[in-house]
Amino acid sequence: MYYTDRGIEELENRRGEEEVTLEWVAARLREFVDDNPEFEVPIERLATWLARLDDEDDDE
């Protein structure tokens, strides 16, 4: 298990039953980057990856 999996598991355990919009997630990511600017690049990469997930299916 990667160290980061602990945070993912905590998120899933604490909030896994909730339904949220991508607008809500985007706002939380912006807040996180505002508070932790050193994570701007990884958060941008994650957001871009999430935004383009369906693009990979179009290539097949």
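Calculation criteria
- Counting starts from 1 at the beginning of each chain's written sequence and moves along it residue by residue.
- Local features in this predicted model are restricted to residues whose pLDDT is 70 or higher, and side-chain atom pairs enter the listing and the counts only when it is 80 or higher, whereas totals over whole chains, interfaces and linings include all residues.
- Only hydrogens and water are removed before side-chain values are computed, so all heavy atoms of the structure are retained for them.
- A run of H or I in DSSP counts as a helix once it spans at least four residues, and a run of E counts as a strand once it spans at least two, with each numbered from the N terminus.
- Exposed residues in this analysis have more than 50% of their type's maximum accessible area, buried residues have under 20%, and partly exposed residues fall in between, with area computed by a 1.4 Å probe over protein chains only.
- Here, Shrake-Rupley sampling with a 1.4 Å probe gives the accessible areas, and only protein chains in the shown set may cover a residue.
- The definitions used throughout rest on a 1 Å grid laid over the protein atoms alone, on which a cavity is an enclosed set of points accommodating a 1.4 Å probe that cannot get out and a pocket is an open set flanked by protein within 12 Å on both sides along at least five of seven lines; lining residues are those having an atom within 4 Å of a point.
- Grid points are joined across faces, edges and corners, and a volume is the space filled by probe spheres set on the points.
- Only Asp, Glu, Lys and Arg are considered charged, only Ala, Val, Leu, Ile, Met, Phe, Trp, Tyr, Cys and Pro nonpolar, and every remaining residue, Gly among them, polar.
- Exposure above 30% relative accessible area and the absence of a salt bridge qualify a residue for a patch, where like charges join within 9 Å and nonpolar side chains (Val, Leu, Ile, Met, Phe, Trp, Tyr) within 5 Å.
- Any carboxyl oxygen of Asp or Glu within 4 Å of a side-chain nitrogen of Lys or Arg constitutes a salt bridge here.

*Asks:* What is the right way to look at the overall build of the protein in this model?
*Replies:* Broken down by element type, the protein carries four helices and zero strands. Taken from the N to the C terminus, the helices and strands of the protein come in the order α-α-α-α. Buried positions account for 3% of the 60 residues belonging to the protein. As presented, the protein carries roughly 6,000 Å² of accessible surface, and 50% of it is formed by carbon and sulfur atoms.

*Asks:* It is not clear to me how the layout of surface pockets should be interpreted in this structure. Could you clarify?
*Replies:* The gaps left among the atoms become clear once a water-sized probe is rolled over them. In this structure, the largest pocket encloses a volume near 1,200 Å³. Per-element accounting of the lining of the largest pocket gives the leading share, 10 residues, to helix H2 (residues 22-35). Across the lining of the largest pocket, the residue classes break down as 18 nonpolar, three polar and eight charged.

*Asks:* Explain a nonpolar patch on the surface to me, please; I cannot follow it from the model alone.
*Replies:* There is a patch of nonpolar side chains on the surface, built from Leu46, Trp49, Leu50 and Leu53 and spanning about 360 Å² of accessible area. The element best represented in the nonpolar patch is helix H3 (residues 40-51), accounting for three residues. A residue is classified by how much of its surface remains accessible, and tryptophan 49, at 48% relative accessible area, is partly exposed.

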